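The primary structure of each chain is shown beneath.
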Amino acid sequence: MASSGYPKPDEKSLQALRDAANRLRVHSIRATCASNSGHPTSCCSAAEVMAVLFFHAMRYKAGQPGHPSNDRFVLSKGHAAPVLYAAWAEAGYIREPELLQLRKIDSDLEGHPTPRLPFVDVATGSLGQGLGAACGMAYTGKYFDKARYRVYCLLGDGESSEGSVWEALAFGSHYQLDNLVAIFDVNRLGQSEAAPLCHDTDAYRKRCEAFGWNTCVVDGHDVEELCHALWQASQTKGKPTAIVAKTFKGRGIPGVEDGDNWHGKPIPKDKVDSVISAIQSQIQTNKILSIQPPAEDVPQISIVDLKMPSPPAYKIGEKMATRKAYGLALAKLGNANSHVVALDGDTKNSTFAELFKQAHPERYIECYIAEQNMVSVALGCAARNRTIAFASTFAAFFTRAFDHIRMGAISQTNINLCGSHSGCSIGEDGPSQMALEDIAMFRTIPGCTVFYPSDAVSTEHAVCLAANTKGICFIRTSRPETPIIYSQEEKFGIGQAKVVRKSDKDKVTVIGAGVTLHEALAAADELAKQGLHIRVIDPFTIKPLDAETIISNARATGGRIITVEDHYREGGIGEAVAAAVSGEPGLLVQILAVSGVPRSGKPAELLDLFGISAKNIVAAVRSTFAN
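As the structure is a prediction and not an experimental result, all values here were calculated from the model.

Participant: Can you help me understand the sheet that holds strand β2 (residues 151–156) in this one?
Facilitator: Within a sheet, neighbouring strands are paired by backbone hydrogen bonds and run either parallel or antiparallel to one another. A sheet is described by the order of its strands in space; here 5 strands give the open sequence β1-β2-β3-β5-β4, paired in parallel fashion. A single partner strand is all that each edge strand has here, and the edge strands are β1 (72–75) and β4 (214–219). Shown here is a sheet whose adjacent strand axes are inclined to one another by a mean of 20°, direction ignored. The pairing of β1 with β2 spans 4 bridges and is parallel. Across the sheet, the residue bridging to L75 is L154, located in β2. Contacting β1, β2 and β3 (180–186), helix α3 (residues 47–57) runs over the sheet at an angle of about 175° to β2.

Participant: Can you help me understand empty space enclosed by the protein in this one?
Facilitator: Which parts of space are left empty comes out when a probe the size of a water molecule is rolled across the atoms. For the structure shown, the criterion picks out 6 cavities of 30 Å³ or more. Space inside the largest cavity adds up to approximately 80 Å³. Around the largest cavity sit F73, V74, L75, L84, P113, F119, V120, D121, V122 and T124, which together line it. The element contributing the most residues to the lining of the largest cavity is β1, with 3 residues.

Participant: When you look at the UniProt feature "domain: Transketolase-like pyrimidine-binding" (unreviewed entry) in the protein in this model, what are you seeing that I'm missing?
Facilitator: Cross-referencing UniProt, the feature "domain: Transketolase-like pyrimidine-binding" (unreviewed entry) maps to residues 320–484 in the present numbering. Across residues 320–484 one finds 39% helix and 20% strand; the C-alpha atoms that close the span lie 7 Å apart.

Participant: Any chance you could explain helix α14 (residues 402–410) here in plain terms?
Facilitator: Each turn of an α-helix holds 3.6 residues, which means side chains three or four residues apart point in the same direction. Along α14, the residues that are buried comprise H404, I405, M407 and G408. Taken around the axis of α14, the buried residues stretch over an arc of 160°, which confines them to a single face. Where the residues of α14 are buried, they touch α6 (163–174), α13 (371–382), β10 (415–420) and α15 (438–443). Q412 occupies a position one or two residues after α14 and carries a positive phi of about 55°.

What counts and what doesn't
Per chain, the residues get numbers from 1 upward, laid out in the order the sequence is written. Totals for whole chains, interfaces and linings use every residue, but because this is a predicted model, local features are given only for residues with pLDDT of at least 70 and side-chain atom pairs only at 80 or more, for both listing and counting. The side-chain numbers reported here are obtained from all heavy atoms of the structure, hydrogens and water having been left aside. A strand pair is defined by DSSP finding two or more bridges across the two strands. Put simply, DSSP marks the helices as runs of H or I at least four residues long and the strands as runs of E at least two long, and each gets a number from the N terminus on. The axes used here are C-alpha line fits, helices contributing only the stretch in contact, and every angle between their N-to-C directions lies in the interval 0 to 180 degrees. Here, two residues are considered to be in contact whenever any of their heavy atoms come within 4.5 Å of each other. Residues are called lining when one of their atoms sits within 4 Å of a cavity or pocket point, these points coming from a 1 Å grid over the protein atoms alone, where a cavity is a set in which a 1.4 Å probe fits but cannot get out and a pocket is an open set with protein on both sides within 12 Å along at least five of seven lines. Grid points are joined across faces, edges and corners, and a volume is the space filled by probe spheres set on the points. UniProt positions are given in the numbering used here, feature names are shortened, and annotations may be inferred rather than shown by experiment. Each residue is placed in one exposure class: buried if its accessible area under a 1.4 Å probe, protein chains only, is under 20% of its type's maximum, exposed if it is over 50%, and partly exposed if it falls in between. By construction, the arc corresponds to the directions joining the helix axis to the C-beta atoms.

Below, the structure is given as C-alpha cells:
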C-alpha cells in the first residue's frame, strides 16, 4: 500500500505514545492489584494499541464520551477493561484514584465494561460479540447518519474462535464499511492454553483478506507501525480494515511476559512495586497528549413518543396472520419516523419484514442467515439512540442468539425483536422450525417486554408500544391467518390484559394467546351450546403479566383457571400465570401446553395431537365441571 501523504508523527510524539502505553500498563496493574482480581496481562498486550487509538487516531470529546459525533470504540475482549478505564483516566474523564475502585460493589468500573459508564456503548465480556455491534455502529454512521465518525473494535485472538466474529467479518465487507477498523490483539495465549493459531499472523491475515477486508500485519508494540496502519485504514475506501497486531501477553512485566498460566491473575503483591518500577523506568516524558475533536456532523434526531399516523385499518371478522400484520405495522411506523430501521435474517418474505423493505429500502438491513450477528448489529444500530431498530426472523432461530440477547440486556439496549412461526401451528415444516422455547427464553431476560398479539389490531399496537418502550422487546407472531377480534378504536397497554368473552354465568377462566386464544373462543362457543359458560382472557403481554385482571376474573369464576399455549409447558404462559397467582388462596391453574417434540402435520392436526385445540379445551373445561 502506498504511503504518500502519510503525516508521520515526529519522534517526540511517538515517544509520548510509548510513554502513554506504559502509563496504561501501570494503571492496569495497580487497579487489578487493588481489587485482587482481573486481567493485567491481557491489558498489557493491548497497551500500545490503546495509546495510539485514544491519543492519536480517534477523534472525540473527552469530556463528553457519549457525544454522537465522537469516534466509537468497542472493547470486544472485555476482560481487558482496566486498560480501557486507564485510557479514559489518561484522557481526563476518570479521576486516577477511581481506578483503584475497580470491581468494587459501589464502583461502575466493573470487571467487564457495561454502559453504566457513558463511554461504553455495548457491554462486552461474553467473547466474540463486539465486532457485530461495531458493524451496526459503522453501518449506522455510513448509511443512516452519513457522518464522519469512525468505529474501532479491539478483539482478542482467543475470541476469534467464535463463529460470530466471522459472521461480523462477512457483514462488514459485504456492506463496504470503510469506516470500521478491527484490531486483532494476537498475544498467542488464551485462558487455559495457547490460542489455536498461536503467533501465526499470516494465517489471520489470509483469513481476514479472504473475508474481503483490507488487512495489514503490524508489531502491536510498535507505536509507529500502529500509527501508519491506522492512517492507511482511514485512506482505504470501499473496505473495512483489519489490523493483525502481533503482541505478547503481559508485555513489560518481567518474568510474566509471554508466560503460561497468568490469565486473569493480578501480579503478586510482593512483586508489584518492582514490576511498576521496571515499567516506569522506560517512561521518558509526561507530555500531555492532545485529543483531536470530532467533526460535528451528526444530525440531531428525535426517537421518542412515536405515534402511528392512523388507527389500524382492519375490520372485525377479517382474517390476517399476525406475522403479516407485523410487516404492515412496521412499514406504517416507518412512515411516522425516519429513524425506524428493520433488520432480518433472510426470512423477510416469511416474517413480512419485506413490506418495510418495499416502503423504506434505504432503512432495511439484510443480515442473511447469521442471527447472532443480526442481534449484535441491531445493538450497534440502537447505540447512542441513533435508531429504533426492529430485527426479525423465525422465533425458533432467536434461540441461537440467546447470549447476544442476554448481553443486550446488560448493554441496557432498546431493541425490538420479532419472532414469527411460533409453535406447532406452523404445520408441515416440522419441529426444527417451531418456536416452542422462545417465551421461556425471553421471560428470563431482565427488563424484557414480551408481546404476544392475537390479531392484526393488537399486533399493530404491539409494534408501536415496542418502539416507545425501554429495554428489549419481543413480539411473538404466528403463521396461520386468524380473525380480527378487536375494533379499530380498541386501546392497548403493556401489562393490560383483555377480557374477550364474559358473562355472569362463567364458571372457568381460560387464558390463551395467539392461535390458542382463537381456539379458546371456539371452545367457548361450543360449550355455550351445552349450557356451560367460560370467561376468555387475552394477556397481550406475557411479561409483564396483568396479574390483577387474571386474579379478579378467576375469583369471579370459582377460582378455576385453564391456560392454553402453543409452547412447551416449561417457562411458558401457564407457568407465568401460576407464578402470578401463587400467593392467592383458592386459585387452581391447569396448564395445556405442547408436551414433547412435535412432528410435521397440518396445523389443526398438530393442535389436536398436542392437546391445545378447541376440542382439548372443551374436554378440560368439562372435566373441571365434573370435578
